[in-house]
Amino acid sequence: IATADIYFKMNTKSSTFLDFKGGEIVSLLINDKVTTPNYQNSRIQLASDSLQEGDNHIVINYKQTFSKNGRGIYRFQDPEDSKVYIWTKLEPFDANQVFPCFDQPDLKSIFSINVSAPTDWKVIFTTLESQKKVVGEKTEWVFPESPLMSTYLFSIHAGHYEVWSDRYKNIPLRVFVRASLKKYVDPKFWFSITKKGFQFFDKEFAYSYPFKKYDQLIVPEFSSGGMENIAAVNYSERFITRGAASREELENLANVMM
């Protein structure tokens, strides 16, 4: 259950639509007016008589289910210890499987989110949290505005993640993994390759990394090798070896990290 608060401008007064697949609309407010949703074929239709030239504001309370195919928002419960992990994979056109949005890469937006999660969970977003407050049995996480970005680069993770921390210059670095796999991860290797990458690309492009932190998350049942979400990058668990990694395996991991 969630609420999407959407602000956008229109050059002319006309109809348009939001992309939203597989969810349920609980309520819809368009420019402060309660509106009966016209929701079909994975689109929320917005009639021209509800919109206006210039600023528009839409509030949608909705329900969404977890993905079964590794796209959209995914939930995994570890069979070893029953701990839960949630993550998103939104490219090329799957942000609309998580929340209503204008899901096309040229319509960029600024995102900020509030998340209510169990107190023993970690929550990771494109920005670092600005506030954490315990409310009953949950923790309220508040994340400030992201850079301007496409919907498919939105990234949210939550669950019983284990974490290591380091820095490159003024950039906080973190690596996350589920608890049962922590003993198999070599954080020194991850941070070493990451720092060498920053050093190389900063020089190669003559342009410093533009974001305020860099998180790398090794997530369960990820359907590809990696995904370059802004400041919260996903990796497949297949890069974790249970024994000593071969040179070829380490080169393969380093190649994907870069």
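Just above, that's the structure.
The shown structure was predicted, so the numbers you read here are calculated from the model rather than taken from an experiment.

Thresholds, definitions, all that
- Every chain is numbered on its own, with residues counted from 1 as its sequence reads.
- Given that the model is predicted, a residue must reach a pLDDT of at least 70 before its local features are reported, and side-chain atom pairs must reach 80 or more before they are shown or counted; all residues, however, enter totals for whole chains, interfaces and linings.
- Side-chain measures were taken over the full set of non-hydrogen atoms in the model, leaving aside hydrogen atoms and water.
- Counting from the N terminus, the helices are the DSSP runs of H or I reaching at least four residues and the strands are the DSSP runs of E reaching at least two.
- Exposed residues in this analysis have more than 50% of their type's maximum accessible area, buried residues have under 20%, and partly exposed residues fall in between, with area computed by a 1.4 Å probe over protein chains only.
- Contacts: residue pairs with any heavy atoms within 4.5 Å of one another.
- Classification of ring pairs rests on two measures: the distance between centres of Phe, Tyr or Trp rings, Trp counted by its six-membered ring, which must be within 6.5 Å, and the angle between planes, read as stacked under 30 degrees, edge-to-face over 60 and tilted in between.
- Either the NZ atom of lysine or the CZ atom of arginine qualifies as a charge over a ring when it sits within 6 Å of the ring centre and within 35 degrees of the ring normal.

To continue, consider the environment of Val-256. Structurally, the position occupied by Val-256 is in helix α2 (residues 247-257). By relative accessible area, Val-256 is classed as partly exposed at 31%. It is 8.6 Å that separates the C-alpha atoms of Val-256 and Tyr-235, two residues lying 21 residues apart in sequence. If we skip the residues at most four places from it in the chain, Val-256 touches Gly-225, Tyr-235 and Phe-239.

What follows covers the packing of aromatic side chains. Counted according to the given criterion, the structure contains 21 aromatic pairs. Consider the rings of Phe-8 and Phe-102, whose centres lie 5.1 Å apart with planes at 70 degrees: the pair is edge-to-face. Linking Phe-8 in strand β1 (residues 2-10) with Phe-102 in the loop between β9 (84-89) and β10 (113-118), this pair joins segments that are 94 residues apart in sequence. Residues Phe-8 and Phe-102 agree in their burial class; the two are buried. Between Phe-125 and Phe-143, the aromatic rings sit 5.7 Å apart at their centres with planes inclined by 70 degrees, giving edge-to-face as the arrangement. Of the two residues, Phe-125 sits in the loop between β11 (122-124) and β12 (131-135) while Phe-143 sits in strand β13 (residues 138-143), which places them 18 residues apart along the sequence. Given the relative accessible area of 2%, Phe-143 is considered buried. Here the aromatic residues Phe-99, Phe-111, Phe-125, Trp-141, Phe-143 and Phe-154 are joined through ring pairs into a cluster of three or more. Taking NZ or CZ as reference, Lys-89 lies 6.0 Å from the ring centre of Phe-222, over its face. Directly above the ring of Phe-239 sits Arg-238, whose terminal nitrogen or CZ lies 5.7 Å from the centroid.

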